[in-house]
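The primary structure of each chain is shown beneath.
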Amino acid sequence: SQVENALQASQFLDVHLNERIQVCRKVLEGWNGGTEDADDMSALRAIVEWRYGHSLASGQVEEEVLSDEACARLVAWKSPSGLQEPLPEELLEVACRVGAAP
């Protein structure tokens, strides 16, 4: 039935996104020494979900939209001393490339 198909597709999507999050999480652990922050995990989930949606809309592979490394680097970056400083140039280039920054 349509309901069963929708449920199965939803479950597949959940598994897929969780797998992609785990891949990015391993990259992130390399930068933050294995410490895990709930805010970081929420940000990582949001970025991976956004990347998936953008890949569907643009017809690109997820890694072409934003690499796993770039996802992790965006999450790992913290503004020094809590100041509202801009992203470092390399991360700003990534954000601009995917249309997430002016």
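Structure shown above.
From a predicted model like this one, the values you see are computed outputs, not experimental measurements. Per chain, residue numbering runs from 1 following the sequence as it is written. At least 70 in pLDDT is required for a residue's local features to be given in this predicted model, at least 80 for side-chain atom pairs to be given and counted, and no such filter applies to totals for whole chains, interfaces and linings, which use all residues. Remark: hydrogens and water are excluded; side-chain values derive from all non-hydrogen atoms of the structure.

A. Representation of the environment of Ala-72 in the model. Relative to the helices and strands, Ala-72 is located in helix α4 (residues 68-76). Along the chain, Ala-72 and Val-27 lie 45 residues apart, while their C-alpha atoms are 6.2 Å from each other. Secondary structure elements follow DSSP: runs of H or I no shorter than four residues count as helices, runs of E no shorter than two count as strands, and numbering proceeds from the N terminus.

B. Expanded view of helix α2 (residues 38-58). Helix span, expected: 1.5 Å multiplied by one less than the number of residues in the helix. For α2, with 21 residues, the first-to-last C-alpha span of 30 Å sits near the 30 Å given by 1.5 Å per residue. Burial classes follow relative accessibility: with a 1.4 Å probe on protein chains only, a residue under 20% of its type's maximum area counts as buried, one over 50% as exposed, and anything between as partly exposed. Buried within α2 are the following residues: Asp-40, Met-41, Leu-44, Ile-47, Val-48, Arg-51 and Ser-55. In an axial view of α2, the angular spread of the buried residues amounts to 125°, which keeps them on one side of the axis. The exposed set on the far side of α2, more than 90 degrees from its buried face, consists of Ala-38, Asp-39, Leu-56 and Ala-57. Polar contacts, as counted here, are pairs of nitrogen or oxygen atoms within 3.5 Å of one another; within protein the pair requires one atom able to donate a hydrogen and one able to accept it, and residues that are adjacent in sequence qualify only if both atoms are side-chain atoms. At the N-terminal boundary of α2, the capping side chain belongs to Asp-37, with an oxygen 2.6 Å from the backbone nitrogen of Asp-39. Gly-59 sits one or two residues past α2 and shows a positive phi near 75°. Taking the helix axis as origin, the arc is that swept by the directions to the C-beta atoms.

C. Region of the structure containing the side chain of Glu-62. For Glu-62, the location among the structural elements is in helix α3 (residues 62-65). A residue is classified by how much of its surface remains accessible, and Glu-62, at 11% relative accessible area, is buried. Engagement of the side chain of Glu-62 in a polar contact is seen with the side chain of His-16, the distance being 2.6 Å. Note on contacts: a residue pair qualifies if any of its non-hydrogen atoms lie within 4.5 Å across the two residues. Other than its neighbours up to four places away in sequence, Glu-62 contacts His-16, Arg-20, Arg-51, Tyr-52 and Ser-55.

D. Broad picture of the state of the cysteines. Criterion for a disulfide: a pair of cysteine sulfur atoms at a distance within 2.5 Å. For the structure shown, the criterion picks out 0 disulfides. For the unlinked cysteine Cys-71, the closest cysteine sulfur is that of Cys-24, found at 4.4 Å. Its relative accessible area of 0% is what places Cys-71 among the buried residues.

E. Just the pattern of salt bridges, in detail. The working definition used for a salt bridge is a side-chain nitrogen of Lys or Arg within 4 Å of a carboxyl oxygen of Asp or Glu. Counted by the stated rule, this structure contains 8 salt bridges. Salt-bridge contacts for Glu-63 lead to Arg-20; the nearest nitrogen and oxygen are separated by 3.3 Å. Of this pair, Glu-63 sits in helix α3 while Arg-20 is found in helix α1 (residues 2-32), placing the two residues 43 residues apart along the sequence. You can call Glu-63 partly exposed: its relative accessible area is 36%. Residue classification places Arg-20 among the buried positions, given a relative accessible area of 18%. Between Arg-20 and Asp-68 there is a salt bridge whose closest N-O contact spans 2.8 Å. Placement of the pair is Arg-20 in helix α1 and Asp-68 in helix α4, with a sequence separation of 48 residues. Ionic contacts of the salt-bridge type, sharing partners, join the residues Arg-20, Arg-51, Glu-62, Glu-63 and Asp-68 into one network.

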